[in-house]
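Reading the structure
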Amino acid sequence: MSIATGGTTGVYYVYGGGLAKQLSAGIANTQATASVTSASVENIKLLASGKAQIGFSQADTAADAVNGKDGFTAEQPIKALARIYDNYLHLVLAPPASARPRSPT
C-alpha cells in the first residue's frame, strides 16, 4: 500500500510514515509505505491513477480536484477519508493604490 505524502522535511511525510507503520502492524498481509512526493496535486494524481491508495492533500487542492479546476484537467475520482492536520494560510496584501499614503512632492 502506497501512501502519497510530501517532501521528507514536511509534516505530511512524518504522518504518512506513522500511518504506514500502524497499517502494516494492524492489518494482516499488508505492507504500507510512505512515498515522497511533491505534495497535494501530485498526491491526488497518484490516487486517481491507482499508483497510491492513500494520499494527503490540502483542502483547497482537493476541492479543485473534484471540480477539475486549476492543476486538474478533469474531475478526479477521490474521496475524503479524514482531516488530520490544521494547516493555516496567511495572506499579506498591499493596500489598494487609493489607500496608500502619498509621498510629499
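For the structure, check the block above.
In short, a report on the structure. This structure is a prediction, so every number in the text was calculated from the model and none was measured.

Each value, and the rule that gives it
Residues numbered from 1 in each chain as written. Predicted model: local features only at pLDDT ≥ 70, side-chain atom pairs only at ≥ 80, totals over all residues. Heavy atoms only, no water. Helix = DSSP H or I, 4+ residues; strand = E, 2+ residues; numbered from the N terminus. Contact = heavy atoms within 4.5 Å. Expected span 1.5 Å × (residues − 1). Buried < 20%, exposed > 50% of the residue type's maximum accessible area, 1.4 Å probe, protein only. Arc of directions from axis to C-beta. Core = buried A, V, L, I, M, F, W, Y, C linked by side-chain atoms within 4.5 Å.

With respect to the element layout, leucine 46 can be found in helix H2 (residues 40-49). When the C-alpha atoms of leucine 46 and isoleucine 3 are compared, they prove to be 9.6 Å apart, with 43 residues separating the residues in sequence. Sequence-distant contacts of leucine 46, defined by excluding residues within four places in its chain, comprise Ala4, Thr37, Lys51 and Ala52.

We now examine helix H1 (residues 11-26). Helix length check: H1 (16 residues) gives 22 Å between terminal C-alpha atoms against 22 Å at 1.5 Å per residue, within 8%. If you check which residues of H1 are buried, you get Tyr12, Gly16, Ala20 and Leu23. Buried residues along H1 cover an arc of 75 degrees about the axis, so they all sit on one side. When the buried face of H1 is taken as reference, the exposed residues oriented beyond 90 degrees from it are Val14, Lys21, Gln22, Ala25 and Gly26. Packing partners of the buried residues in H1 comprise strand S1 (2-4), strand S2 (33-35) and strand S3 (54-55).

Of all hydrophobic cores here, the largest spans 7 residues; its members are Ile3, Tyr12, Ala20, Leu23, Ala32, Ile54 and Phe56. Sequence-distant contacts of phenylalanine 56, that is, excluding residues within four places in its chain, are made with Ile3, Ala4, Thr5, Tyr12, Tyr15, Gly16, Leu19, Ser40, Asn43 and Ile84.

A word on H2. Regarding H2, the residues found buried are Ser40, Asn43, Ile44 and Leu46. One face of H2 carries all of its buried residues, which in axial projection span an arc of 160 degrees. Lining the buried residues of H2 we find S1, S3 and helix H3 (59-67). Glycine 50 occupies a position one or two residues after H2 and carries a positive phi of about 85 degrees.

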